[in-house]
Amino acid sequence: MKTGRIIVIVAPSGTGKSTLIEKLQRDRPNIRWSVSCTTRPKREGEVDSEDYFFITKEEFIRRKDNNEFIEWALVHSNYYGTLKSTIDESVENGQVVLLDLDVQGCDSVKKLYGADAQIIFIEPPSIEVLEKRLRDRGTETNAVIEERLNNARSELKRSKDYDYRVVNDEFERAYKELKRVVDEIILEEKNV
Ligand code: ADP
Ligand code: 5GP
């Protein structure tokens, strides 16, 4: 059986992960993007079924009880989960699949897939810069920003626990490094 490779990107909220991934999706169209389910409200500009499958809490719990997720987590008071069907399909087709998860999701995926899942931690230059990016983005209330900053402080303690680490300081520099790491993971997969 052909096997695919799983690339997971993790970063505290506001680091710039979505911006980096968006660019990567354009430059590496062969990488499959895993669309997660979430119960959080849709942000302006987000598209249902492209950014997330936006579902109700009841629907999320029904799917969780139906074992439709390979992992799920409560992040910043909302549920998020990765669909088993997406990952199974990618692995069977020998495709590289990219997941955007929090640290709990990373730990679950690593446990399930071991070295077949390579995890890249994206770090902000500092907590102060992270706060500024979150505030300037203007998509969350003050209370939500505070919650995300608190979570960021504990997530940052995990930055060295994964396979790769990229600091998102200057965007173009960080993007180049991220792309190099992703290409390295893909190349390793081809050489197996
Ligand atoms: P995340 O997905 O990690 O929560 P976003 O991609 O939404 O974060 O980025 C948070 C904010 O920071 C956005 O307004 C984005 O334009 C900005 N941003 C991203 N990367 C950088 C960078 N390297 N330098 C300055 N601002 C950045
Ligand atoms: P946001 O609400 O900013 O889009 O995402 C909040 C956090 O949830 C981010 O750290 C993101 O990586 C994480 N996340 C998104 N989808 C999933 C998922 O399917 N599972 C897990 N565990 N975390 C997710």
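For the structure, check the block above.
Residues numbered from 1 in each chain as written. Chains lettered and ligands numbered in written order. Predicted model: local features only at pLDDT ≥ 70, side-chain atom pairs only at ≥ 80, totals over all residues. Heavy atoms only, no water.

Some points on the overall build of the protein chain
Right, on to step 1. For the protein chain, the count of helices and strands is seven helices and nine strands.
Right, on to step 2. The principal-axis extent of the C-alpha atoms belonging to the protein chain is close to 50 × 40 × 30 Å.
Right, on to step 3. Counting only residues that meet the buried cut, the protein chain has 46% of its 192 residues in that class.
Right, on to step 4. For the protein chain, long-range pairs separated by at least 24 residues make up 68% of all intrachain contacts whose partners lie at least 6 apart in sequence.
Right, on to step 5. Roughly 10100 Å² of accessible area belongs to the protein chain as shown, and the carbon and sulfur atoms make up 48% of that amount. (Helix = DSSP H or I, 4+ residues; strand = E, 2+ residues; numbered from the N terminus. Buried < 20%, exposed > 50% of the residue type's maximum accessible area, 1.4 Å probe, protein only. Contact = heavy atoms within 4.5 Å. Areas by Shrake-Rupley, 256 points an atom, 1.4 Å probe, with all protein chains shown as cover.)

Some remarks on helix α1 (residues 17–27)
Right, on to step 1. Of the positions making up α1, those classed as buried are Lys-17, Leu-20, Ile-21 and Leu-24. Buried residues of α1 fall within an arc of 95° about the axis and therefore sit on the same side. (Arc of directions from axis to C-beta.)

Points about empty space enclosed by the protein
Right, on to step 1. For the structure shown, the criterion picks out one cavity of 30 Å³ or more.
Right, on to step 2. As a volume, the largest cavity reaches approximately 50 Å³.
Right, on to step 3. Lining of the largest cavity is provided by Ile-21, Leu-24, Gln-25, Arg-28, Ile-31, Arg-32, Trp-33 and Leu-98.
Right, on to step 4. For the lining of the largest cavity, the secondary structure elements donating two or more residues are α1 and β2 (32–33).
Right, on to step 5. Of all the elements, α1 adds the most residues to the lining of the largest cavity, at three residues.
Right, on to step 6. For the lining of the largest cavity, the class distribution of residues is five nonpolar, one polar and two charged. (1 Å grid on protein atoms, 1.4 Å probe; cavity = no way out; pocket = protein on both sides within 12 Å on 5 of 7 lines; lining within 4 Å. Points joined across faces, edges and corners; volume = space filled by probe spheres on them. Nonpolar A, V, L, I, M, F, W, Y, C, P; charged D, E, K, R; others polar.)

Focus: the site of ligand 2
Right, on to step 1. Surveying the vicinity of ligand 2 reveals 18 residues, the closest of which are Lys-17, Arg-40, Tyr-52, Tyr-80 and Asp-100.
Right, on to step 2. Within the side chain of Tyr-52, one N or O atom sits 2.5 Å away from an oxygen atom of ligand 2.
Right, on to step 3. Burial of ligand 2 by the protein chains amounts to 95% of its free accessible area of 510 Å².
Right, on to step 4. Taking a 2 Å distance to the grid points as the criterion, the majority of the atoms of ligand 2 fall inside the largest pocket.
Right, on to step 5. The set of elements that each furnish at least two residues to the shell around ligand 2 consists of β5 (69–75) and β6 (78–83).
Right, on to step 6. Of the residues that constitute the shell around ligand 2, the class distribution is six nonpolar, five polar and seven charged. (Near = heavy atom within 4 Å. Polar contact = N/O pair within 3.5 Å; in protein donor to acceptor, adjacent residues only side chain to side chain. Sits in = over half its atoms within 2 Å of the grid points.)

Things to note about unusual backbone geometry
Most peptide bonds take the trans form, and the phi angle of most residues other than glycine is negative.
Right, on to step 1. In this structure, Asn-67 takes a positive phi of about 60° despite not being glycine.
Right, on to step 2. Residue placement: Asn-67 occurs in the loop between α2 (57–65) and β5.
Right, on to step 3. One non-glycine residue, His-76, adopts positive backbone phi at about 45°.
Right, on to step 4. With respect to the helices, strands and loops of the structure, His-76 is situated in the loop between β5 and β6.

Points about the pattern of salt bridges
Right, on to step 1. Counted by the stated rule, this structure contains 23 salt bridges.
Right, on to step 2. Among the salt bridges present, the one from Asp-27 reaches Lys-179, with a minimum N-O distance of 3.9 Å. Of this pair, Asp-27 sits in helix α1 while Lys-179 sits in helix α7 (residues 171–191), placing them 152 residues apart in sequence.
Right, on to step 3. Judged by relative accessible area, which is 32%, Asp-27 ranks as partly exposed.
Right, on to step 4. Among the residues examined, Lys-179 registers a relative accessible area of 22% and is labelled partly exposed.
Right, on to step 5. Notably, a salt bridge pairs Glu-177 with Arg-173, separated by 2.8 Å at the nearest N-O pair. Here Glu-177 pairs with Arg-173, and both are found in helix α7, just four residues apart, close to one helical turn.
Right, on to step 6. Here Arg-173 falls in the partly exposed class, since its relative accessible area comes to 35%.
Right, on to step 7. Within the structure, one salt-bridge network assembled from shared partners comprises Arg-40, Arg-43, Glu-46, Arg-137 and Glu-140. (Salt bridge = Lys/Arg side-chain N within 4 Å of Asp/Glu carboxyl O.)

In short, shape yes, function no, at least from these values alone.
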